[in-house]
Structures are given as C-alpha cells and as structure tokens.
Amino acid sequence: MKVVYVNCNNLQEIAKTAPNIAMALGYFDGIHLGHQKVIQTAKKKAEEKNLLTAVLSFLQHPKSVLLSEEILYLEPLDQKIEKLEKLGVDIFYIVDFTKELAKLSPNEFLEQYIISLNAKEIICGFDYTYGARAMGNVKTLTAFAKEKKVGLTVVEELKWKNQKISSTLIREYLMKGNLKELPNILGDYYKTKYCQKNGILPQYTLPNVGSYKVLIEDHIECIATVRCKKYIQIHHETSELPNLLTIQWIDRFDQLNSIPSNF
C-alpha cells in the first residue's frame, strides 16, 4: 500500500500523477466493522470499474484542530496503516487538517481534495459530513457527484444491539469496561501498545479504572489492572515480558481480591 501525505503545498504536485481511484472517505479511527464495510464497498467498486482502491482521511482529528479539545483516539496512525493494508487498500491519502482547510466550502473541498486526486467513484457512510462547519452531507455530495459525473455509493448504517457502530460507541464500551462486546463492533478484541516504563503509548485509550482479563503478546493470559488513564498493573512476572507490550483487552475481571495467575 502506498501512503501519501497531502497538504496545501504539495497537493497540486501529487495530483499530477494521481491514478484513477475509487475513494473511501472518513476519519476511520479504530477501523471498526462500519468502517470496514465502507472500505470493502470501495474495493468492490474499484474492481468493477478497473480502478485502484484509495482511502482519504486526516492526519489530525478535525475536532482537535477546531475545538482544541482532547481526543480519545482508539489507535495511532501506524496501526491504522497496517489495518488498511490488510483490507487491500492500494493508496492511503493522509491529509493535513488545518484551520485553513476547515474554511473550504463543501464544493471547494471536493474539488481540491477529491476530484483533483482522480476519484472516479466516491464511497462514504450515510452520515459523512465535510467542508466548512460540516455543511456538506450526503445530500450535497449526491448533487455534486451527479454534476461531475462521478459515481457515488453511500453505505447504510451498521448496527449492533440497535446502536450505530461507531468510534464513539467503542469509547463508551471502554469507559464502561464492556470489553467482551467489542469484537462484535471492531471485528476483534481491542488492542493497545503499552510500555512498562512509560505507560500507554500515545493515541490509544485504556479501559476505565478496574481489573481486566487480557492477552499479552498473543499468548500470555493474565489480569491487568488499570490504575489511571496512562498506567496499568500487570499481574504477571513482568521481568519475563518485553518492555513494549501488545495487549488484547478481553473482559472485565471484578474479583480483585482473588486474582489468579491464569484464566
């Protein structure tokens, strides 16, 4: 998969050699099953039209730029790249989201960042918004695509237990410690990278304070207790573990006074 970093300074140069693509649009934090459905739809459309499959997303979450608020990310960029590659994406366009970009009208954004990159098919979720003050939506995108004679596929809502599958729902489950439901939303257990010395790596979100059944490095079953937003206590001989750990969060473990060595 080719990863292309795009900003207002290099956009025109990149556009000169951009191949024809079916482009999936979204921020895609966590790449849950709803995101996967959008990307798989783009891949299918690309195969039908003899195009490459591309994803366009932002380097920063728009809210972090516009509202200066702390964003609880589900995964860092390198893990997102790894997941997109496994899904068969050919090109990942990562756009530098700035306050200047946020001022673009919906049509200006589409012209400059979608059409100029040779998107012949556009694929997005039913609730996708874009442009200044998020004034662009599926309705305006439909009119634009028709005018430009570009294909548009809108992927309908995907639900779990009558709730929209979303990054927000995943964060809600993490805060509630409801980890066993996450494979039904993510397609797998939630994973984080954790440094025994420095704590959770940036752009991951730990479950809420409490004790949990976990799987470390895909084979070590034990209990981990979340002490705060950054640090956990691992109930295992930590000297036997590498400093940088991959942790799968399996389920809440409530019996704190009888923590076993295995589960």
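The rules behind these values
Residues numbered from 1 in each chain as written. Predicted model: local features only at pLDDT ≥ 70, side-chain atom pairs only at ≥ 80, totals over all residues. Heavy atoms only, no water. Helix = DSSP H or I, 4+ residues; strand = E, 2+ residues; numbered from the N terminus. Buried < 20%, exposed > 50% of the residue type's maximum accessible area, 1.4 Å probe, protein only. Polar contact = N/O pair within 3.5 Å; in protein donor to acceptor, adjacent residues only side chain to side chain. 1 Å grid on protein atoms, 1.4 Å probe; cavity = no way out; pocket = protein on both sides within 12 Å on 5 of 7 lines; lining within 4 Å. Points joined across faces, edges and corners; volume = space filled by probe spheres on them. Nonpolar A, V, L, I, M, F, W, Y, C, P; charged D, E, K, R; others polar. Pairing = 2+ DSSP bridges. Contact = heavy atoms within 4.5 Å.

### Thoughts on the side chain of Ser211
- Counting through the fold element by element, Ser211 comes out in strand 11 (residues 210-216).
- We classify Ser211 as buried; its relative accessible area is 5%.
- Looking at Ser211, its side chain comes within polar contact range of the side chain of Thr225, at 2.7 Å.

### Quick notes on unusual backbone geometry
- Not every positive phi belongs to a glycine, and Asn118 is a case in point at roughly 65 degrees.
- Tracing the backbone through its elements, the reader meets Asn118 in the loop between helix 6 (106-115) and strand 5 (119-125).
- Phi at Asn162 is positive, roughly 65 degrees, even though this residue is not glycine.
- Relative to the elements of secondary structure, Asn162 occurs in the loop between strand 7 (159-160) and strand 8 (163-164).

### Focus: the layout of surface pockets
- Here the largest pocket defines a volume of roughly 1,200 Å³.
- Taken together, 46 residues line the largest pocket, and the ones lying closest to its centre are Gly26, Tyr27, Asp127, Tyr128 and Thr129.
- Mapped onto the lining of the largest pocket, the elements with two or more residues apiece are helix 2 (33-49), strand 3 (52-58), helix 3 (62-66), helix 5 (99-102) and helix 8 (167-176).
- Here the lining of the largest pocket takes 4 residues from helix 2, the largest share from any one element.
- Split into classes, the residues belonging to the lining of the largest pocket amount to 24 nonpolar, 12 polar and 10 charged.

### Quick notes on the sheet that holds strand 12 (residues 220-226)
- Spatial strand order, 10-9-14-11-12-13: 6 strands in an open sheet with antiparallel pairing. Looking at strand neighbours, the two that pair on one side only are strand 10 (199-200) and strand 13 (232-235), the edges of this open sheet.

### Comments concerning the side chain of His35
- In this fold, His35 is placed in helix 2.
- For His35, a relative accessible area of 13% gives the class buried.
- If we ignore the near neighbours within four places in the chain, the residues touching His35 are Phe28, Asp29, Gly30 and Ser167.

### A short note on helix 4 (residues 77-86)
- When we look at burial in helix 4, the residues that qualify are Leu77, Gln79, Lys80, Ile81 and Leu84.
- Check the buried side of helix 4 and you find it contacts strand 1 (2-6), helix 2, strand 3, strand 4 (91-95) and strand 9 (190-195).
- Immediately beyond the C-terminal end of helix 4, within one or two residues, lies Gly88, with a positive phi of roughly 90 degrees.

### Regarding the environment of Gln233
- Along the chain, the position of Gln233 falls in strand 13.
- By relative accessible area, which is 33% here, Gln233 ends up partly exposed.
- Separated by 34 residues in the primary sequence, Gln233 and Gly199 have C-alpha atoms spaced 10.0 Å apart.
- Setting aside residues up to four positions removed in sequence, Gln233 forms contacts with Ile223, Ala224, Thr225 and Arg227.

So yeah, pure geometry; function would need other evidence.
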